[in-house]
Every structure is written in structure tokens, then in C-alpha cells.
Amino acid sequence: QSALTQPASVSGSPGQSITISCTGTASDVGSYNYVSWYQQHPGKAPKVLIYEVSNRPSGVSSRFSGSKSGNTASLTISGLQAQDEADYYCVSYSSTTTPWVFGGGTKLTVL
Amino acid sequence: EVQLVESGGGLVKPGGSLRLSCAASGFTFSTYFMIWVRQAPGKGLEWISSISSNNYTYYAESVKGRFTISRDNAKKSLYLQMNSLRAEDTAVYYCARSDRGFDPWGQGTLVTVSS
């Protein structure tokens, strides 16, 4: 069982917006702004989309945005495109014995 | 170009050992935290180890006492020595730089533990 909870799957039609949640605890998401999000296509290495809750690296589309409220972080993808179909993972710094905790991943299907 | 390239994966018997390497280029390797993350077949990502620029090390409970992370700043290389390997250690192992999230990642190297 992963330390952070993500929905197993989400779906949306091209052009729509979707949001993926990432729920942790006061020991991780709730206390630190070190939440990042990753996109992983099959057979490929993960790629960072968002770091420190809401910052987007250069080169990442502005269609990807991040936010946090309490113990839950969220990734929003607007204007869904076919190439957005992938697995998405959140990760947070944690004050427990494991400094970095991942979510279980969310499979995004573009209908 | 900032790049990480892993090597050293392969097939090993239960109880055996393997040493993974991660060659860095395009950035000042010595100044960054580095991490290892693994992904079992069909499963999610799991952080397993980190090393600071001044060699403080951190491990997941699942590998503590069996795996050792190290670095050679002169060679711009990160290592993961894996001992007492188990079937559940079968995974693709990624190295990554810890900076503004984990970025970049290497392409991964597959470790298969099987008799």
C-alpha cells in the first residue's frame, strides 16, 4: 500500500479538463511544499511536470498545473490531448522514516 | 545536455549481488542530492535511496541493510550496491537528480532476481 493515495484511474475526452488527487497526511503533503508530479508513458522513464506543489519546469506545457489544500495535492490537466494518456505519480517529502513517499499512480485514459 | 545513464542490471539468483551505476553529464554532479527509484513490473514507483552532496545516505526500510548507495564525484557517477537480493527486488531501477523535483531521470536498468 502506497503512502500517498491516488485514484487508480481517471478519464476524459479531448479538450476537457481533469484533476488527479494525491492524499497524504500531516507528516507529508500537509506539512511540506515538496510535492511533485510525474508523467510516465509505457516503457519510458518518468518526467517531472510539477515541483514544489505548483511550479512548472521550463518546457512543460501550461496545460499542467498543481495545487494543494490541507493534506491533499492535485494535478489538473486542461485541454486534454491524446498524448496525455499516461500514468501519473505524485511524490512528497515526509518527516517519517522514509523521506520521500510516492502515490500509487493514476492511469489517465483519453477517450 | 543534462543526462543520466544507468548500467549494471541483469539476471541474478536469489541471495546474489549486483552493482548498478549511473553516469551523469551536463551538470555539476558533486553539488546535487541523487536518488534511486525502482519500479516492479506492472507496479508503481518506489523511492529506495538518496545520497547528499556530502555523502549522507538514506534508505527505504525495504532495502536497508542490503543496499548501499555511494557516489564518486570525480567520476560523476552514482552507484547502488545490492546484496542479498530477493525475488521482490525485481524491478527497473532509475537514478535521478533531486532538484526541483526529481529531474532528470535515467532510462532505467532492469534487475531480475530469479533462480
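Rules of the game
- Residues numbered from 1 in each chain as written.
- Chains lettered and ligands numbered in written order.
- Predicted model: local features only at pLDDT ≥ 70, side-chain atom pairs only at ≥ 80, totals over all residues.
- Heavy atoms only, no water.
- Helix = DSSP H or I, 4+ residues; strand = E, 2+ residues; numbered from the N terminus.
- Rg over C-alpha atoms; globule rule 2.2 N^0.38 Å.
- Buried < 20%, exposed > 50% of the residue type's maximum accessible area, 1.4 Å probe, protein only.
- Contact = heavy atoms within 4.5 Å.
- Lys, Arg positive; Asp, Glu negative; His and termini not counted.
- Charge placed at Lys NZ, Arg CZ, Asp CG, Glu CD.
- Buried area = accessible area lost by both parts, 1.4 Å probe.
- Salt bridge = Lys/Arg side-chain N within 4 Å of Asp/Glu carboxyl O.
- Nonpolar A, V, L, I, M, F, W, Y, C, P; charged D, E, K, R; others polar.
- Patch = residues over 30% accessible without salt bridge, like charges linked within 9 Å, V, L, I, M, F, W, Y side chains within 5 Å.
- Areas by Shrake-Rupley, 256 points an atom, 1.4 Å probe, with all protein chains shown as cover.
- Pairing = 2+ DSSP bridges.
- Axes fitted to C-alpha atoms, helices over the stretch in contact; angles between N-to-C directions.

Draft legend 1. Looking closely at the overall build of chain A. The secondary structure content of chain A amounts to zero helices and nine strands. Going from N to C terminus, chain A has its helices and strands arranged as β-β-β-β-β-β-β-β-β. By the compact-globule yardstick of 13 Å for 111 residues, chain A fits well, its C-alpha radius of gyration being 13 Å. For chain A, with 111 residues in total, the buried portion stands at 45%. Long-range contacts, defined as pairs at least 24 residues apart, comprise 57% of the intrachain contacts of chain A with a sequence gap of at least 6. Both charge centroids of chain A, one from 6 positive and one from 5 negative side chains, sit 6 Å from each other.

Draft legend 2. Representation of the interface of chain B and chain A within the structure. Counting residues at the interface gives 19 residues for chain B, matched by 16 residues for chain A. In total, chain B and chain A occlude about 1,400 Å² of area from one another, counting both sides; carbon and sulfur atoms represent 67% of this. On the chain B side of the contact with chain A, B:Leu45, B:Trp47 and B:Phe102 bury the most area, a combined 40% of that side's loss. Counting the contacts that link chain B with chain A gives zero salt bridges. Broken down by secondary-structure element, the contributors of at least two residues to the side of chain B that touches chain A are β4 (33–39), β5 (45–51), β6 (57–59), β9 (91–98) and β10 (102–105) of chain B. Tallied by class, residues from the side of chain B that touches chain A come to eight nonpolar, six polar and five charged.

Draft legend 3. Structural view of a nonpolar patch on the surface. Residue and element names in this part refer to chain B. Residues Phe33, Tyr56 and Tyr58 make up a contiguous nonpolar surface patch of roughly 310 Å² in combined accessible area. Among the secondary structure elements, Tyr58 is positioned in strand β6. Residue classification places Tyr58 among the partly exposed positions, given a relative accessible area of 33%.

Draft legend 4. Structural view of the pairing of strand β8 (residues 77–82) of chain B. Residues and elements named next belong to chain B. Judged by how many residues are buried, β8 sits mostly within the fold: five of six residues are covered. Where strand β3 (residues 18–25) meets β8, six bridges bridge the pair, whose relative direction is antiparallel. Of the residues in β8, the one forming a bridge with Ala23 is Ser77. Across six bridges, the pairing between strand β7 (residues 67–72) and β8 is antiparallel. In the sheet register, Phe67 faces β8, and the bridge partner there is Met82. Here β7 hands over to β8 after four residues, with Lys76 in that stretch at a positive phi of 55 degrees.

Draft legend 5. Fine view of the sheet that holds β7(B). Residues and elements named next belong to chain B. With antiparallel pairing, the four strands of this open sheet are ordered in space as β1-β3-β8-β7. Unpaired on one side and paired on the other, β1 (3–7) and β7 mark the two borders of the sheet. For this sheet, the mean inter-axis angle between neighbouring strands, taken without regard to orientation, is 15 degrees.

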